[in-house]
Amino acid sequence: MKRHFVLLIIVCLVFSLVSCGSVREPETAGTDSAVPGTTAAPAPVGAMPDDFSFYVVWGVHGISSYYSDTGKLTKTTDTIDGNKDKFVASLMLDEETTERFYELISSLDLLSYPSEYDPGCGYSDPCANLVLSYTANGKTYTVKCYNISVDYRRSDNEKGQAFLDVINEITDYLVSTPEWKALPDYEMLYD
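Residues numbered from 1 in each chain as written. Predicted model: local features only at pLDDT ≥ 70, side-chain atom pairs only at ≥ 80, totals over all residues. Heavy atoms only, no water.

(A) Focus on the packing of aromatic side chains. Under the definition given, this model contains 12 aromatic pairs. The side chain of Lys 75 reaches across the aromatic face of Tyr 186, ending 4.8 Å from its centre. Over the aromatic face of Tyr 113 sits the side chain of Lys 159, whose NZ or CZ is 4.5 Å from the ring centroid. (Phe/Tyr/Trp six-rings, centres within 6.5 Å; stacked < 30°, edge-to-face > 60°. Lys NZ or Arg CZ within 6 Å of the ring centre and 35° of its normal.)

(B) Geometry of the sheet that holds strand β3 (residues 72–74). Strands sit in the order β4-β3-β2-β1-β5-β6 across an open sheet of six strands; the sheet is antiparallel. Only two strands of the sheet have a single neighbouring strand rather than two, namely β4 (88–90) and β6 (139–148). Averaged over all adjacent pairs, the angle separating strand axes in this sheet is 10 degrees, with direction ignored. Pairing geometry for β3 and β4, over three bridges, is antiparallel. (Pairing = 2+ DSSP bridges. Helix = DSSP H or I, 4+ residues; strand = E, 2+ residues; numbered from the N terminus. Axes fitted to C-alpha atoms, helices over the stretch in contact; angles between N-to-C directions.)

Following this line, the structure appears as structure tokens:
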């Protein structure tokens, strides 16, 4: 009986060790709230979930942001007088644009990126911060890039370039909108 019990324990331990190798922990899986161990990719392109939303942070020190669920578009958080509200606009994306951004973001498979990522674009002073996060099918995936070059157009690797291309396509669209252009000029400029 003891022999069977010991054998059962050994089998359980071996099984748990083997299964641990496939678990993606949130800090290394590019996700804040996805269940560790899930490797399911987002829904296929063209099948945008009803709960899809995203946010993006970009620019010098990450001073600009957009939240698709609320439409909050922030040009800058750096102000002389502390009044950040004058740099905030409302921008609700149409269905076509939202679907395009869903296709772009889901094509990245953010689970394959670490939650804090160096996209390989170098460094600068001042630096830029980028954050790309999206929610789909009840799960949120987030990748953050801190202290990178303010010229984050080119990466030294394919995966980093794919990430930067998605960030840049989204932010290029956002800064081209009438809502962005109606916001005041920056009060704080960086060298």
